[in-house]
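# Structural features, examined
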Amino acid sequence: MGKLDFLVEEVEALKREGLYTTIRTIGSPQGAWVIVDGKKVLNMCANNYLGFANHPKLKEAAKKAIDEFGVGPAAVRTIAGTMSLHLELEEKLAKFKGAEATISFQSGFNANLATIPAIVGKEDAIFSDELNHASIIDGCRLSRATIIRFAHRDPADLERKLREEGGKYRRKLVITDGVFSMDGDIAPLPEIAEISEKYDALLMVDDAHGEGVLGRGGRGIVDHFGLHGKVHIEVGTLSKAFGVVGGYVAGSKALIEFLKQKARPFLFSSAVTPADVAACIAAVDILTESDELVRKLWDNASYFKKGMVERGFDIGHSETPITPVMLGEAPLAQEFSRRLFEEGIFAQAIGYPTVPRGKARIRVMISATHSREDLDFALDKFEKIGKELGVLRS
Ligand SMILES: *Cc1c(COP(=O)(O)O)cnc(C)c1O
């Protein structure tokens, strides 16, 4: 027996349980239709909400940045990696978000790993929604603070825990996803903000799936609820609606100044490339000028969701363009996804551990790039396979 045999055994176990992830290969730009493993299919699983991943203005900005700044920053931000482009992006993002300042990171995942351990430590407690994203969970663990989970979207449970346990710690940090990526539900942020204030806790929201989706012209969840100034730390990603790659934190000048000195991925991992940053700037410019794409996204989402409910699908309780098609057991979800692919639709099955056991689903991601014909095509195929596999409610 080799020392690494356990790796093979664990992967075999995933396959037996229907939890093995088949990684598809994309052979085209992201868009409504993509080439997947050599086949042209309707794309219903990318986070490219607004179509920015292949937007002509973003591509042009990236090419121009390569000519002006080259391809790599060649350093971490604090040594020699901060280019004028990074500062321009951070200023524009702050204006767009209505925040005093922002700091950008290499990814949204990194933004959480960077921020949480910088803000809290061993003497502190984090109050975290039980369904928070993996990057929040990992950031919390890295901080070595005590982690106290509250029930999903349950301000009363949060309040009870802050009241009963909050007194024992130096600082308290409440953290929640803005939009929960697997169900598409939205955190009750006004109530959470009020309770955080009452118990003197800092409040942090990770708005990865709310950026470019919620709020006026896609300004995110804080704007959606009109909570400017009441959320101390707002994390965002540039890799979903913004269509590129990167993450950021928006907040007060003091917070951003502090993170520029203390956030480890900022200090110890190289800056994002000029092309990526320039493309992100172009995305912010487009969103600042017009809400057209955001409106198209929401129109598409309500059209598709209505069609799915009419056809008898259980699509959970999403409040956003994320549309979970609930199927139950992982093997059924995988079979559904496989059949969709045969019929020309790319939509991935999602099972444990990304979602709880028994709650496997196809997660459909609606985009502003979809046309009505695309959505009708998808509805027909979903219905056909739904009937075939006997999952429709009558
Ligand atoms: C996707 C996601 C992230 C990670 O963002 P990346 O920019 O892809 O690293 C972080 N938090 C939440 C809630 C997410 O959905």
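Chains are numbered independently. Their residues run from 1 in the order of the written sequence. Local features in this predicted model are restricted to residues of pLDDT 70 or higher, and side-chain atom pairs are both shown and tallied only at a pLDDT of 80 or more, whereas totals for entire chains, interfaces and linings draw on every residue. Processing note: side-chain calculations cover all non-hydrogen atoms of the structure and skip hydrogens and water entirely.

### What about the UniProt feature "modified residue: N6-(pyridoxal phosphate)lysine" (unreviewed entry) in the chain?
Threshold: UniProt positions are given in the numbering used here, feature names are shortened, and annotations may be inferred rather than shown by experiment. Only runs of H or I of at least four residues qualify as helices and only runs of E of at least two qualify as strands under DSSP, and these elements are numbered from the N terminus. Every residue pair with non-hydrogen atoms within 4.5 Å of one another is taken to be in contact. What qualifies as a polar contact is a pair of N or O atoms within 3.5 Å, subject to a donor-acceptor requirement within protein and to the restriction that residues adjacent in sequence count only when both atoms come from side chains.
Here, UniProt's "modified residue: N6-(pyridoxal phosphate)lysine" (unreviewed entry) annotation points to K240. Tracing the chain through its elements places K240 in the loop between β8 (233-237) and β9 (247-251). Among residues more than four places away in sequence, those in contact with K240 are N47, N48, Y49, A208 and H209. Within the structure, the side chain of K240 is placed 3.5 Å from the side chain of H209, a separation counted as a polar contact.

### Remarks on the sheet that holds strand β2 (residues 39-43)
Condition: Pairing between strands is defined by DSSP: at least two bridges between them are needed.
With respect to topology, three strands assemble into an open sheet ordered β1-β2-β11, the strand pairing being mixed. Each of the sheet's edge strands pairs with one partner strand only, and the pair in question is β1 (33-36) and β11 (345-346). For β1 and β2, the ladder comprises four bridges, and the chain directions are antiparallel. Residue V34 lies in a different strand from β2, and its bridge partner there is V41.

### Focus: the domain arrangement of the chain
We count it as follows: For each domain, the first and last residues come from an automatic or database assignment. Accessible area that two parts lose when put together, evaluated with a 1.4 Å probe and summed over both, is termed the buried area.
What the domain assignment reports for the chain is domain 1 (4-49 + 291-389) and domain 2 (56-289). Spacing between the C-alpha centres of domain 1 and domain 2 amounts to 27 Å. Each side of the interface is counted separately: domain 1 has 21 residues, and domain 2 has 19 residues. When domain 1 packs against domain 2, the two sides together hide about 1600 Å² of surface, and 62% of this comes from carbon and sulfur. The largest contributions to the domain 1 side of the interface with domain 2 come from Y49, V294 and E319, which together make up 29% of the buried area.

### Thoughts on the pairing of strand β6 (residues 172-177)
Applicable threshold: Only protein chains enter the calculation, and the probe is 1.4 Å; a residue is then buried if its accessible area is under 20% of its type maximum, exposed if over 50%, and partly exposed in between.
For β6, the buried fraction is high: six of the six residues fall into the buried class. The side-chain alternation of β6 yields two buried faces, one formed by K172, V174 and T176 and the other by L173, I175 and D177. Examined bridge by bridge, strand β4 (residues 125-129) and β6 share four bridges and lie parallel to one another. Paired with A125 across the strands is K172, a residue of β6. Examined bridge by bridge, β6 and strand β7 (residues 202-206) share five bridges and lie parallel to one another.

### Points about the environment of A263
Here A263 lies in the loop between α10 (253-262) and α11 (264-268). Exposure remark for A263: the relative accessible area of 0% places this residue in the buried category. Once the C-alpha coordinates of A263 and V249 are considered, the two residues, 14 residues apart in sequence, prove to be 11 Å apart. Setting aside anything within four residues of it in sequence, one finds A263 in contact with F105 and A114.

### So, the UniProt feature "domain: Aminotransferase class I/classII large" (unreviewed entry) in the chain
In the numbering used here, UniProt assigns the "domain: Aminotransferase class I/classII large" (unreviewed entry) feature to residues 39-381. Here residues 39-381 is 45% helix and 17% strand, with 17 Å between the C-alpha atoms at its ends.

### Describing the packing of helix α2 (residues 56-69) against helix α12 (residues 274-289)
So the rule is basically this: The axes are straight lines fitted to the C-alpha atoms, using for helices just the contacting stretch, and the angles between their N-to-C directions are given from 0 to 180°. Under this scheme an angle from 65 to 115 degrees is roughly perpendicular, one under 35 degrees roughly parallel, and one over 145 degrees roughly antiparallel; angles in between are oblique. If you view the pair so one helix is near and one far, a crossing is left-handed when the near helix is turned anticlockwise from the far one by less than a right angle, and right-handed when it is turned clockwise.
Direction vectors running N to C along α2 and α12 enclose 140°, while the axes themselves pass 7 Å from each other. Judged by the angle between their axes, α2 and α12 are oblique. The two elements α2 and α12 cross, and the hand of that crossing is right-handed. Contacts between α2 and α12 involve K57, L58, A61, A62, A65, I66 and F69 on the former and, on the latter, P274, A275, A278, A279, A282, A283 and I286.

### Description of the pattern of salt bridges
Just so we agree on the cut-off: A pair is scored as a salt bridge if a Lys or Arg side-chain nitrogen falls within 4 Å of a carboxyl oxygen belonging to Asp or Glu.
All chains considered together, the criterion is met by 30 salt bridges. A salt bridge links K198 to E159, with the nearest nitrogen and oxygen atoms 2.7 Å apart. Residue K198 is located in helix α8 (residues 189-198), and its partner E159 is located in helix α7 (residues 155-165); the two are separated by 39 residues in the primary sequence. For E383, the salt bridge is made with K387, and the minimal N-O distance between the two is 3.7 Å. Placement of both E383 and K387 in helix α15 (residues 372-388) is noted, with a separation of four residues, approximately one turn of the helix. Looking at E383, the relative accessible area reads 23%, which means it is partly exposed. Residue classification places K387 among the exposed positions, given a relative accessible area of 58%. A single salt-bridge network, built from bridges that share partners, covers E335, R338, R339, E342, E343, K381, K384 and E388.

### Here we look at the layout of surface pockets
Stated precisely, the cut-off is as follows: Grid spacing is 1 Å over the protein atoms alone, the probe is 1.4 Å, and a cavity is where that probe fits but cannot get out, while a pocket is an open set with protein on both sides within 12 Å along at least five of seven lines and lining residues have an atom within 4 Å of a point. Grid points are joined across faces, edges and corners, and a volume is the space filled by probe spheres set on the points. Only Asp, Glu, Lys and Arg are considered charged, only Ala, Val, Leu, Ile, Met, Phe, Trp, Tyr, Cys and Pro nonpolar, and every remaining residue, Gly among them, polar.
In this model, the largest pocket occupies a volume close to 940 Å³. Lining the largest pocket are 43 residues; nearest its centre among them are L131, N132, H133, A134 and T354. Listed by contribution, the elements that provide at least two residues to the lining of the largest pocket are α5 (108-119), β4, α6 (134-143), β5 (146-150) and β13 (360-365). For the lining of the largest pocket, the element with the most residues is α6, which contributes five residues. Among the residues making up the lining of the largest pocket, the classes are represented as 15 nonpolar, 16 polar and 12 charged. Composition of the lining of the largest pocket by domain shows at least three residues from each of domain 1 (4-49 + 291-389) and domain 2 (56-289). The wall of the second largest pocket is formed by 28 residues, among which T21, T22, Q334, Q348 and A349 lie closest to the centre. For the lining of the second largest pocket, the secondary-structure elements that each account for two or more residues are α14 (330-342), β12 (349-350) and β13. Broken down by element, the lining of the second largest pocket gets its largest block of residues, seven residues, from α14.

### Some words on the sheet that holds β5
With mixed pairing, the seven strands of this open sheet are ordered in space as β3-β9-β8-β7-β6-β4-β5. Of all the strands in the sheet, just β3 (101-105) and β5 have a single pairing partner and so form its edges. Each strand axis lies, on average, 20° off the axis of its neighbour in the sheet, ignoring direction. Here β7 pairs with β8 via three bridges, running parallel. Residue pairing in the sheet places D206 in a bridge with V235 of β8. Seen against the sheet, helix α4 (residues 84-97) touches β3, β8 and β9 and runs at an angle of roughly 125° to β3. Each of β6 and β7 is contacted by α8, which is oriented at about 155° to β7, the strand it contacts most.

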